[in-house]
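Analysis of the macromolecular model
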Amino acid sequence: MAAISRRPRLPLYAALTVSLVLAACSLVKPVQAPEDKQERALHLARDGKHAEAAQAYAELATLQPADHDNYELLSAEQWLAAGNIAAAKEAFAAVSAEARSRLPAARALVAAEIAYAENDGARAIRELDQIPVPTSADLAQNYYWIRGRSAFLTGHPVEGTRALVERERWLSDPAALRANRAELLNRIRGAAERGQSLKAPPKTDPIVAGWLDLGPVAVGLARDPIRAAEAVANWKRLYPQHPANDSVLAMASTQIAAAAEFPDQIALLLPLSGRAEPVGVAVRDGFIAAYLEQPPATRPRLKIYDVAAESVSSAYTQAVAEGAGFVVGPLTKEDVAAVVPLSDGRTPVLALNFLGESVNPPHNFYQFSLLPEDEARMVARRVVADGRQNGVAIVPGSEWGTRVAAAFADELTHLGGTVLDSQRYETSQVDFSDLIKRVLQVHAVKGEPSTHRTDAAFVFVAAGSAGVARQILPQLKFHYAGDVPVYSMSDSFEPDPSANSDLDGMLFPDMPWMVANDPVTAQIRDAVRAAWPARTARRDRLYAFGFDAYRLVPALRSKSPAEAGEISGVTGKLHVDDRNRIRRDLEWSQIKNGVPNAL
């Protein structure tokens, strides 16, 4: 998105003149003139050194009182570009009240950008409503940029689409136009994934209507490209002159074809008997569900090996000898480690677990896992992003709880937050009253309302199961902690609206398979659940894991990790890190009336 100017280019820029003082022959360093400082600040901003540019503009605000408000606004926008919202708000607070009349557009744009950065789209739009649409191209394109994103943020995709389409009138650079359309596609797709209405009102401009109709098509193209060709073709027939044809859909055919670039034969190594059989069978069935979505004529040969019935080393060697062009599995950490010495890089491997931190993966050796530690880190990042630095944790006193608690605390500390207290519970426990009173420092005085600690901005509950979460959350509310936001992990949620009313208010990340409302994901999910209703009831996420494992094969086979990009899988948005590990970004929801609502 570098081609798009995300920050308002304030009117001050047009007034800036540069008067460079040359003193090559002087032994005394000249005093830097205001014009030199202006040029330096401008160069710092253009070079992406936003924090330094913000400080330079703040200095100019002090040096030139007549232009104080201009420079403070410039400082605020550079702090926003640097990701420092607190510093941006401080600079904005220094702007005088007279700026509302002297610099109305510049002031409103920065105020709206701050509101958007704080995830308050409604406030951003209210700020923009205080001014007419600017007539300057630079300010107008920023006006519609903020307005469009804010409308999507508040769940109004029709208004957001109109704003971003209107923005194109003020863009002349081809790269900026392409970036604007890519942004619009991502926003429309996100709205479709969240189940928001994309129905165009009567007499809607055909360009806007085309973008809205493209939302579900984009979801299919991202999440299930093998079956998306027909939907893309239908959309193109309806909108042959639409600008999306030559921009965001230009690569659709290539994307669809790449999703079907499988090797002639795939080997799937899983434990299909013994202690790990239920897990192995769920992953296998999800893998086969994705396999069966592909047209029969283009399917690779699939050979499945039970690594519980024979050694994983023997199964891997046999799979390669029998012509496997790609190996998926094994599943357990021990089996994954056993395959590493056998892998020479000629046959790519997608292991379904992570190697230890000290083990460097061989060439063409990829790793995919649903690690709870990764989710705990996601929760830590979310609480900090929500402005809640300090809080308390309630975790099970098991090995799983220890790992999750450590990952959460480590990430939170790294981001400047603090776990003020952490309490452990037994997995068989049903009464959490004493634990809650300790961790929240609940004080009860006879005849007066109970109080709790005021320095905890959140409660992190690692429940391990929806049943435990349904016990802990009501007891938190009973002990007067209903005003403290509760964050948890995906395993605290199961799709049961009647039972989940006890979880109301809980914030948690989960895979699209569990919480997405878009028709593409629902079709995949419903088909798998209908095929294996008894088995999917308890291991739903493992079926999604197997489904995405199949989807990853062509992406990893045809491209290097750096080129693979992001895949919108049913387990999350997937990308490959520098250690060939598949990382997931999950979707955030909050339980309301027993059902998850997308955030």
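You'll find the structure just up there.
Residues numbered from 1 in each chain as written. Predicted model: local features only at pLDDT ≥ 70, side-chain atom pairs only at ≥ 80, totals over all residues. Heavy atoms only, no water.

Some remarks on empty space enclosed by the protein
Overall, the coordinates contain one cavity of 30 Å³ or more when judged by the stated rule. Each pocket or cavity is described by its volume, and for the largest cavity that value is around 30 Å³. Taken together, Ser-369, Leu-370, Leu-371, Asp-374, Met-378, Ile-582, Arg-583 and Arg-584 make up the lining of the largest cavity. Elements supplying a minimum of two residues to the lining of the largest cavity: helix H18 (372–385) and strand S13 (581–585). The dominant element in the lining of the largest cavity, judged by the number of residues it contributes, is S13, at three residues. Its residues placed into classes, the lining of the largest cavity shows four nonpolar, one polar and three charged. (1 Å grid on protein atoms, 1.4 Å probe; cavity = no way out; pocket = protein on both sides within 12 Å on 5 of 7 lines; lining within 4 Å. Points joined across faces, edges and corners; volume = space filled by probe spheres on them. Helix = DSSP H or I, 4+ residues; strand = E, 2+ residues; numbered from the N terminus. Nonpolar A, V, L, I, M, F, W, Y, C, P; charged D, E, K, R; others polar.)

Description of the environment of Gly-286
Of note, Gly-286 is situated in helix H15 (residues 277–293). Sequence-wise, Gly-286 and Arg-541 are 255 residues apart; in three dimensions their C-alpha atoms are separated by 9.3 Å. Residue contacts for Gly-286: discarding those within four places in its chain leaves Tyr-543, Gly-546 and Phe-547. (Contact = heavy atoms within 4.5 Å.)

A closer look at the pattern of salt bridges
Side-chain pairing between opposite charges can occur once the charged atoms of the two side chains come close. Per the stated rule, a full pass over the model turns up 32 salt bridges. Arg-169 is the partner of Glu-166 in a salt bridge, and the nearest nitrogen-oxygen pair spans 2.3 Å. For Glu-166, a relative accessible area of 24% translates into the label partly exposed. The residue Arg-584 makes a salt bridge to Glu-375 at a minimum N-O spacing of 3.8 Å. You can see Arg-584 sitting in strand S13 and its partner Glu-375 sitting in helix H18, a full 209 residues away along the chain. With respect to burial, Arg-584 and Glu-375 carry one shared label: buried. Here the salt bridges do not stand alone but share partners, grouping Glu-193, Arg-223, Asp-518, Lys-573 and Glu-587 into one network. (Salt bridge = Lys/Arg side-chain N within 4 Å of Asp/Glu carboxyl O. Buried < 20%, exposed > 50% of the residue type's maximum accessible area, 1.4 Å probe, protein only.)

Quick look at helix H19 (residues 399–414)
The terminal C-alpha atoms of H19 lie 23 Å apart, and with 16 residues this matches the ideal 22 Å at 1.5 Å per residue to within 8%. For H19, the set of buried residues is Trp-400, Gly-401, Val-404, Ala-405, Ala-407, Phe-408, Glu-411 and Leu-412. Around the axis of H19, the buried residues are gathered within 165 degrees of arc, so they sit on the same side. Looking at H19, the residues exposed on the side facing more than 90 degrees away from the buried face are Glu-399, Thr-413 and His-414. In the core, the buried residues of H19 are packed alongside H18, strand S6 (390–396), strand S7 (418–425) and strand S8 (459–461). Looking one or two residues beyond H19, the residue adopting positive phi is Gly-416, at roughly 95 degrees. (Expected span 1.5 Å × (residues − 1). Arc of directions from axis to C-beta.)

Fair warning: the whole summary comes from geometry, so function is off the table for now.
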